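Structure assessment
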Amino acid sequence: MTESESPERGEDEEEVGVAVREIRYNGQCMKAAEVEAKLNEGNIEAAESSLREGLSLNAEEARALLGKIEYQRGNLEVALRIFNGIDLQETVQKIQPLLERQPSKKGQKRPESTHVVNTEYSATLVLEGLYLKAKSLQKLGKLTEAANECKSVCDAVENIICSGTADVQGDKKLQETVSRVVELLPELWRQAGCHNEALSAYRRALLNQWKLENECCARIQKGFAMFLLYSGVEAGPPNLSLQVDGSYVPKNNLEEAILLLMIVMRKFNLANIKWDPSVMEHLIYALSLCSQTSVLAKQLEEVVPGVFNRIDRWKATALCYSGAGEDKVSLNLLRKSLHKHENPNDLVSLLLAAKICSEDALLASEGVKYAERAILNAKGVNEHLKGVGLRMLGLCLGKQTKVSSSDFERSRLQSEALKSLNQAIGLECNNSDIIFELAVQYAEQRNLNAALRFAKQFIDATGGSVLRGWRLLALILSAQQRFSEAEVVTDAALDETGKWEQGPLLRLKAKLKVSRSQPTDAIETYRYLLALVQANRKHFGPHRTLHQIEDDKVNEFEVWQGLANLYSSLSHWSDAEICLEKAKALFEYSPETLHTEAQGEPKEALSLYVNSTILDARYLPSKVLIGAALVNRKNALPVARSILSDALRIEPMNRTAWYYLGLVHKNDGRMGEALDCFQAATMLGESDPIESFSSVSGTGRSHQ
């Protein structure tokens, strides 16, 4: 023992390496100079003899204390030679009676003789010596030997505990030493490259009855989680015999690591351990790997106040919710962090808010403001993000055109959107996303030659590895009435695409077959698509992430609806009815099913179309056909004109709406306006794609 040190003190001092001045033990003390002098001369036996005589120690105790002194002095080789003289079996014999003493009841004094106290000190001192022996071997690079030494100690102590009469917590100092040995063992196996042994040691430490303190247990859980995440070894599930009935059993490394880290976070939230920021970092990494950002958001929200800066917490949580597809929640958090009294000029928050707003026409005007502020703040070290800000501005302006109230306003916004995207591509000429968005913008404005050029440029930039590029190219070719070439592009894309990602391409191919008056081939394509969608659902099961579902872009409902539309266009009403029933079984109340049902029920068509628009006020096919149904009713012409004008406000390029609006004007005696509408319908009919261009960019619903 060192100066001012008692046997009950916590042990971390062997790592500090302080100079030994005075040694105390058993109520006796002696100057350290005598022992150090003999050690400096290399006379270990004399130093041991001096300790035994000066402090009334036996041989095992003297070796343990002398080894500790040498360990603290940094003489690891000498310390190791001394520790080798300690007999493990003799140490176990001393520990066992100490552990088997039952603790006294509350309020009663437990008789303790001087002999018992000395036995406690002796057993703890010798066990600590064995622990320091393993540490010495570790520092000397003898990792396997160190691990085996630790394992021997763990085996001996565990055998005593398993006898059912032991209480490791009976002595605090002894419990601390046992905890350190248990914590060290898996780390030694890991450093030695023995991954299977490390795995067993981690689980042994956490599943056996060591009665570890919270801090020690949390360190082991964190170390095990890091091992599972980064070792590259597939651990497999833990032994089911050790599990409580009904408890969750992780299926792989990632699930087990996440479970461990969440347990550690729970301990911190309950104030059982000190905060360790690295635990959250590992948890962020693990949950991001499996796209469970919504779970990560909950973990961030549960952290007690004061650990994170609140603005940083809002921003991090917003990123998580955005990744989970919960954009409304994310945007509300960003609004709080961007408040004028918080951090209104944070560039990352501004760009994320603009991105979220760019996906919703009703939020696009708000997104424009965020994007403009981001561009203004993209200075200095953040100047490279100016291109991102311009891109978000272009997307928000383009989305804003969907809700603009006048043709002039729509034209202005379209022009500004293209200007912003062209400025962005000037700053980031190799950014394939901007190239794609330019192609979509030109296509939606029916500048098909420019759209075709950018679509080809996107495919070249991505090496043809991105599905949406092929889909956009096929749609542009279909808008140019080059259906055979569009089908060739679709077939080429199918050859390059994995089976589970072929859904959107097969839907596109079926519609191309319809456009080429090949209904039989279209039906076969739909049937294959239906089989693929059903097999996809069974293959991935119910635990698919939001992104996996969204990336498919095709679901079973859409396939049945497409078949129903096809059969109804062929007047195969019985087949169409069967398909509609299948679609209704998946989604009972849908504007699409009501719209298709109306085509087979002429007498009830108008009411079904109205019901369809009640379900979705922006569902265009029913809006247009309501207007069409009112065209020949003289008293209803103002209503028809209003409905068709509203449809064109939502989708200005809808040629059918222009045609029926022309009929309304004709029947109302406005021949000049009717001529303009018919001319617009004719021009749009020559550039009408088989699917909306917005279906490729994910900015709108594609209608059959």
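Below you will find a few notes about this structure. Model, not experiment: these values are computed from the prediction.

Criteria and thresholds
Residues numbered from 1 in each chain as written. Predicted model: local features only at pLDDT ≥ 70, side-chain atom pairs only at ≥ 80, totals over all residues. Heavy atoms only, no water. Helix = DSSP H or I, 4+ residues; strand = E, 2+ residues; numbered from the N terminus. Polar contact = N/O pair within 3.5 Å; in protein donor to acceptor, adjacent residues only side chain to side chain. Contact = heavy atoms within 4.5 Å. Core = buried A, V, L, I, M, F, W, Y, C linked by side-chain atoms within 4.5 Å. Buried < 20%, exposed > 50% of the residue type's maximum accessible area, 1.4 Å probe, protein only. Axes fitted to C-alpha atoms, helices over the stretch in contact; angles between N-to-C directions. Parallel < 35°, antiparallel > 145°, perpendicular 65-115°, else oblique. Left-handed = near helix turned anticlockwise from the far one by under 90°. Nonpolar A, V, L, I, M, F, W, Y, C, P; charged D, E, K, R; others polar. Salt bridge = Lys/Arg side-chain N within 4 Å of Asp/Glu carboxyl O. Phe/Tyr/Trp six-rings, centres within 6.5 Å; stacked < 30°, edge-to-face > 60°. Expected span 1.5 Å × (residues − 1). Disulfide = S-S within 2.5 Å.

**Thoughts on the side chain of Gln 502**
Along the polypeptide, Gln 502 turns up in the loop between α23 (483-496) and α24 (503-515). Polar side-chain contacts of Gln 502 include one of 3.2 Å to the backbone oxygen of Thr 497. Once residues lying within four places of it in the same chain are set aside, the contact partners of Gln 502 are Leu 494, Thr 497, Tyr 528 and Leu 532.

**A few points about the environment of Leu 338**
Relative to the helices and strands, Leu 338 is located in the loop between α15 (327-337) and α16 (347-357). In contact with Leu 338, other than residues within four places in its own chain, are Asn 343, Pro 344, Asp 346, Ser 349, Leu 350, Ala 353, Tyr 370 and Arg 373.

**Considering the nonpolar core**
Soluble globular proteins: nonpolar side chains tend toward being buried together. The biggest cluster of nonpolar side chains holds 171 residues, and the ones touching the most others in it are Ile 23, Val 35, Leu 51 and Leu 472. Element by element, the count of residues in this core is highest for helix α10 (residues 214-230), at nine residues. Not counting residues within four places of it along the chain, the set of residues in contact with Val 35 comprises Ile 23, Met 30, Ala 47, Ser 50, Leu 51, Leu 66 and Ile 69. Formed by 20 residues, the second largest nonpolar core is a distinct cluster that contains Ala 605, Leu 620, Ile 626 and Leu 661.

**Digging into the packing of helix α21 (residues 448-462) against helix α22 (residues 467-479)**
Viewed as axis vectors pointing N to C, α21 and α22 meet at an angle of 155 degrees, and their least axial separation amounts to 9 Å. Taken as axis vectors, α21 and α22 run roughly antiparallel relative to one another. As for the relative orientation of α21 and α22, their crossing is left-handed in sense. Residues Leu 448, Ala 451, Leu 452, Ala 455, Lys 456, Phe 458 and Ile 459 of α21 touch α22, and the partners they reach there are Arg 468, Gly 469, Trp 470, Leu 472, Leu 473, Ile 476, Leu 477 and Ala 479. The residue inventory of the contact of α21 with α22, partitioned by class, reads 12 nonpolar, one polar and two charged.

**What to know about the pattern of salt bridges**
Enumeration over the complete set of coordinates arrives at 34 salt bridges. The closest approach of N and O atoms between Glu 183 and Arg 219, which form a salt bridge, is 2.8 Å. Placement of the pair is Glu 183 in helix α8 (residues 172-191) and Arg 219 in helix α10, with a sequence separation of 36 residues. On the basis of relative accessible area, Glu 183 is assigned to the partly exposed category, the value being 23%. Judged by relative accessible area, Arg 219 falls into the partly exposed class, the value being 44%. One salt bridge in this structure joins Arg 190 and Glu 187, with 2.4 Å as the shortest N-O distance. Residue Arg 190 and its partner Glu 187 are both found in helix α8; the two are separated by three residues, about one turn of the helix. The network of salt bridges with shared partners includes Arg 471, Arg 507, Lys 511, Glu 558 and Glu 691.

**Points about the packing of aromatic side chains**
In this structure the tally under the stated criterion is nine aromatic pairs. Taking the centre distance of 5.1 Å and the plane angle of 55 degrees together, the rings of Phe 436 and Phe 458 count as tilted. You can see Phe 436 sitting in helix α20 (residues 432-444) and its partner Phe 458 sitting in helix α21, a full 22 residues away along the chain. Accessibility expressed as a relative area gives 2% for Phe 436, which makes it buried. A ring pair is formed by Tyr 442 and Phe 454, whose centres lie 5.7 Å apart and whose planes are at 10 degrees; its orientation type is stacked. Taken as a pair, Tyr 442 in helix α20 and Phe 454 in helix α21 lie far apart in primary sequence, 12 residues in all. No difference in accessibility class separates Tyr 442 from Phe 454, as the two residues are buried.

**Describing α20**
Between its first and last C-alpha atoms α20 spans 19 Å; for 13 residues at 1.5 Å apiece the expected length is 18 Å, and the two agree. Along α20, 12 of the 13 residues are buried, which leaves the element largely enclosed by surrounding structure. Those residues of α20 lying buried are Ser 432, Ile 434, Ile 435, Phe 436, Glu 437, Leu 438, Ala 439, Val 440, Gln 441, Tyr 442, Ala 443 and Glu 444. Against α18 (386-400), α19 (407-427), α21, α22 and α35 (694-697) lie the buried residues of α20. Between the side-chain oxygen of the N-cap and the backbone nitrogen of Asp 433 there are 3.0 Å, and the N-cap of α20 in question is Asn 431. Directly after α20, the chain includes Arg 446, whose backbone phi takes a positive value near 65 degrees.

**As for the state of the cysteines**
Working definition of a disulfide: a covalent bond connecting the sulfur atoms of two cysteines. Tallied over the entire structure, the rule returns zero disulfides. With no disulfide partner, Cys 216 has as its closest neighbouring cysteine sulfur the one in Cys 217, 7.2 Å distant. According to the relative accessible area criterion, Cys 216 is buried, its value standing at 5%.

**Some points on the packing of helix α12 (residues 277-289) against helix α13 (residues 293-302)**
It is at 8 Å that the axes of α12 and α13 come closest, and there the two elements cross at 160 degrees. Taken as axis vectors, α12 and α13 run roughly antiparallel relative to one another. With respect to the hand of their crossing, α12 and α13 are arranged in right-handed fashion. Residues Met 280, Leu 283, Ile 284, Leu 287 and Ser 288 of α12 form the contact with α13, whose own contacting residues are Thr 293, Val 295, Leu 296, Gln 299 and Leu 300. For the contact of α12 with α13, the class distribution of residues is seven nonpolar, three polar and no charged.

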